[in-house]
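Structural description and commentary
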Amino acid sequence: MTPAPNQHLGWYQARKLPHYDAPHVLQFITFRLADALPITKLREIEAELRMLPAAEQEIQRRRKVEYWLDQGLGCCALARPELARVFRQGLLLHHGRRYRLMAWCIMPNHVHVLIECRYSLARIVQSWKSYSARWAVEHNERLGLGLQGGRVWMRGYWDRYIRDERHLAAAVHYIHSNPVTAGLVKRAEDWQWSSAGRELDLL
């Protein structure tokens, strides 16, 4: 059941991991396009993880997924400036009301966002996906986005609440450095589709 906009879930379990959804908590969120990781690649990752101790599996799963996302698999529809611009508009639409944007980066096949929540996290992410998906489906054929079957986003998202200032600094650095890590630009501020080196209110 989808929570009401102002209904926060508190502590809850998802994918066997603890999550925390509460007012004014800082959240680092990642989600990807539906075809960003083919099922064959996901099965390969899971097969590799079975050889590791249980305590290490989730950490390594996250690292492996991040690595393969940065390889640019799938249609990479977000590499098209038209769709990246629409998604950025969706991010900024409720900035200052439902959440406070602190850092963000739109990669070719996935997105990273760091926010201070004021609404339910699930409803916030749903609004971003819906805003961009409607436009993407409508313009898929004209722009050659390569979206299959009208499906734009992978179901769900990955979230991690920010524990302290050190964690916050690391999260912002990771988000802004992702285009550099993926070999798309040499400097974080050269990537047009992120908050690196930009004032949010001026976008």
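The structure we're discussing is the one just above.
Residues numbered from 1 in each chain as written. Predicted model: local features only at pLDDT ≥ 70, side-chain atom pairs only at ≥ 80, totals over all residues. Heavy atoms only, no water.

Here we look at the pattern of salt bridges
Inspection of the entire model under this criterion finds nine salt bridges. One salt bridge connects Lys-64 with Glu-48, and the closest N-O pair in it is separated by 3.0 Å. Taken together, the residues span a long stretch of sequence, with Lys-64 in helix H2 (residues 54-69) and Glu-48 in helix H1 (residues 39-49) at a distance of 16 residues. Counted as one network, the salt bridges with shared partners bring together Glu-46, Glu-58 and Arg-61. (Salt bridge = Lys/Arg side-chain N within 4 Å of Asp/Glu carboxyl O. Helix = DSSP H or I, 4+ residues; strand = E, 2+ residues; numbered from the N terminus.)

Quick word on the packing of helix H3 (residues 81-93) against helix H4 (residues 121-143)
The interhelical angle for the contact between H3 and H4, taken along N-to-C directions, is 165°, at an axis separation of 9 Å. Looking at the two axes, H3 sits roughly antiparallel to H4. By crossing handedness, the relation of H3 to H4 is classed as right-handed. On H4, the residues touching Glu-82, Leu-83, Val-86, Phe-87, Gln-89, Gly-90, Leu-91 and Leu-93 of H3 are Trp-128, Tyr-131, Ser-132, Trp-135, Ala-136 and Leu-143. (Axes fitted to C-alpha atoms, helices over the stretch in contact; angles between N-to-C directions. Parallel < 35°, antiparallel > 145°, perpendicular 65-115°, else oblique. Left-handed = near helix turned anticlockwise from the far one by under 90°. Contact = heavy atoms within 4.5 Å.)

Details of H4
Working note: α-helix, 3.6 residues per turn, so residues spaced by three or four point in the same direction. For H4, which comprises 23 residues, the first-to-last C-alpha distance of 31 Å matches the rise-based estimate of 33 Å (1.5 Å per residue) to within 8%. Maximum bend of H4: about 40°, positioned at Val-137. Backbone geometry just after H4 places Gly-144 at a positive phi near 65°. (Expected span 1.5 Å × (residues − 1). Bend = angle between axes of the 7 residues up to and from the residue.)

Some thoughts on H1
Within H1 the residues assigned to the buried category are Lys-41, Ile-45 and Leu-49. In a view along the axis of H1, the buried residues occupy a sector of 80°, so they form one face of it. Along H1, the residues that are exposed and aim more than 90 degrees away from the buried face are Thr-40 and Arg-43. Where H1 is buried, its residues touch H2. (Buried < 20%, exposed > 50% of the residue type's maximum accessible area, 1.4 Å probe, protein only. Arc of directions from axis to C-beta.)

Section: the environment of Trp-104
Its place among the elements puts Trp-104 in strand E4 (residues 99-106). Between the alpha carbons of Trp-104 and Phe-28 there is a distance of 9.3 Å; along the sequence they are 76 residues apart.

Concerning the packing of aromatic side chains
Counted by the stated rule, this structure contains eight aromatic pairs. For the ring pair Phe-31 and Phe-87, a centre distance of 6.0 Å and an interplane angle of 55° mean the geometry is tilted. Of this pair, Phe-31 sits in strand E3 (residues 26-32) while Phe-87 is found in helix H3, placing the two residues 56 residues apart along the sequence. Ring centres of Tyr-67 and Trp-68 lie 5.1 Å apart, and the angle between their planes is 85°; this geometry places the pair in the edge-to-face category. Aromatic rings pair up to connect Phe-31, Phe-87, Tyr-99, Trp-128 and Trp-153 into one cluster. One residue, Lys-41, lies across the ring of Trp-68, its end atom 3.5 Å from the ring centre. In this structure, Arg-62 is placed above the aromatic ring of Trp-158, and the distance from its NZ or CZ to the ring centre is 3.8 Å. (Phe/Tyr/Trp six-rings, centres within 6.5 Å; stacked < 30°, edge-to-face > 60°. Lys NZ or Arg CZ within 6 Å of the ring centre and 35° of its normal.)

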